[in-house]
Amino acid sequence: TQLLEQSPQFLSIQEGENLTVYCNSSSVFSSLQWYRQEPGEGPVLLVTVVTGGEVKKLKRLTFQFGDARKDSSLHITAAQPGDTGLYLCAGAGAGRRALTFGSGTRLQVQP
Amino acid sequence: DARVTQTPRHKVTEMGQEVTMRCQPILGHNTVFWYRQTMMQGLELLAYFRNRAPLDDSGMPKDRFSAEMPDATLATLKIQPSEPRDSAVYFCASALGLAGNDEQYFGPGTRLTVT
């Protein structure tokens, strides 16, 4: 069974602070996705990373896929209240046809 | 714009009753997923379909849960009989394919409460 562990589980910060969320596994993934979920809605895809060591930027969000493709991180610069939500990583393993979702990191950004 | 729709959005029912949740995937998407989300377990995959055929339902309790796709525009998830431990938010998602980097588009979910 492929498991994805996210840390921290909860994070409450002030507007303007920086933060990093981690997604770790003992398994290798062929690709990894990050989703954000707001209250009362379904998750929405933010990014997909497919190459070990890959870095992608989406405005103030920076995503990195580990060299060994077992882990990933999401860094948010100058967090804003609109960044509040549940962040989920999801990995696709070789040969598997469905994503494995991480446990999630619940982020609260206080104005 | 194209969206996955789910009905009902909220359902409160008594233990032992049958519950049916419906999902309309995005037109043209051939893969449909059913997930369950709780605070304790997070987002769990229950079952998924490709071209209306079930590919994997190993995440579903077989004795009470069933999932079907009567046609390409409708997916259903049924619980009979329902139990309090089934209380959760149930999400449907659709995708163009099954590749690991295919984006899954999630519906707004059905919040189920079984008393």
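Note: the structure precedes this text.
The model shown is predicted, which means the values in this text are computed figures rather than measured ones.

Trainee: What am I meant to see in the state of the cysteines here?
Mentor: Disulfides are covalent bonds that link the sulfur atoms of two cysteine residues. Residue and element names in this part refer to chain A. Under the counting rule described, the total for this entry stands at two disulfides over all chains. Disulfide partner of Cys23: Cys89, at an S-S distance of 2.1 Å. Between Cys23 and Cys89, the S-S torsion sits near 80°, and that sign places the bridge as right-handed. You can see Cys23 sitting in strand E3 (residues 19–24) and its partner Cys89 sitting in strand E9 (residues 85–92), a full 66 residues away along the chain. Residue classification places Cys23 among the buried positions, given a relative accessible area of 0%. Classification of Cys89 by relative accessible area gives buried; the value is 0%.

Trainee: Hey, could you run me through the sheet that holds strand E7 (residues 65–71) of chain B in this one?
Mentor: Backbone hydrogen bonds are what pair the strands of a sheet, in a parallel or an antiparallel way. Residue and element names in this part refer to chain B. The strand order across the open sheet formed by four strands is E1-E3-E8-E7, and the pairing between neighbours is antiparallel. Among the strands making up the open sheet, the edge pair consists of strand E1 (5–7) and E7. Each neighbouring strand pair of the sheet contributes to a mean axis angle of 20°, computed without reference to strand direction. Where strand E3 (residues 19–24) and strand E8 (residues 74–79) come together, five bridges link them in antiparallel fashion. Across the sheet, the residue bridging to Thr20 is Lys78, located in E8.

Rules used in this analysis
Residues numbered from 1 in each chain as written. Chains lettered and ligands numbered in written order. Predicted model: local features only at pLDDT ≥ 70, side-chain atom pairs only at ≥ 80, totals over all residues. Heavy atoms only, no water. Disulfide = S-S within 2.5 Å. Helix = DSSP H or I, 4+ residues; strand = E, 2+ residues; numbered from the N terminus. Buried < 20%, exposed > 50% of the residue type's maximum accessible area, 1.4 Å probe, protein only. Pairing = 2+ DSSP bridges. Axes fitted to C-alpha atoms, helices over the stretch in contact; angles between N-to-C directions.

Shape descriptors only; they carry no functional weight alone.
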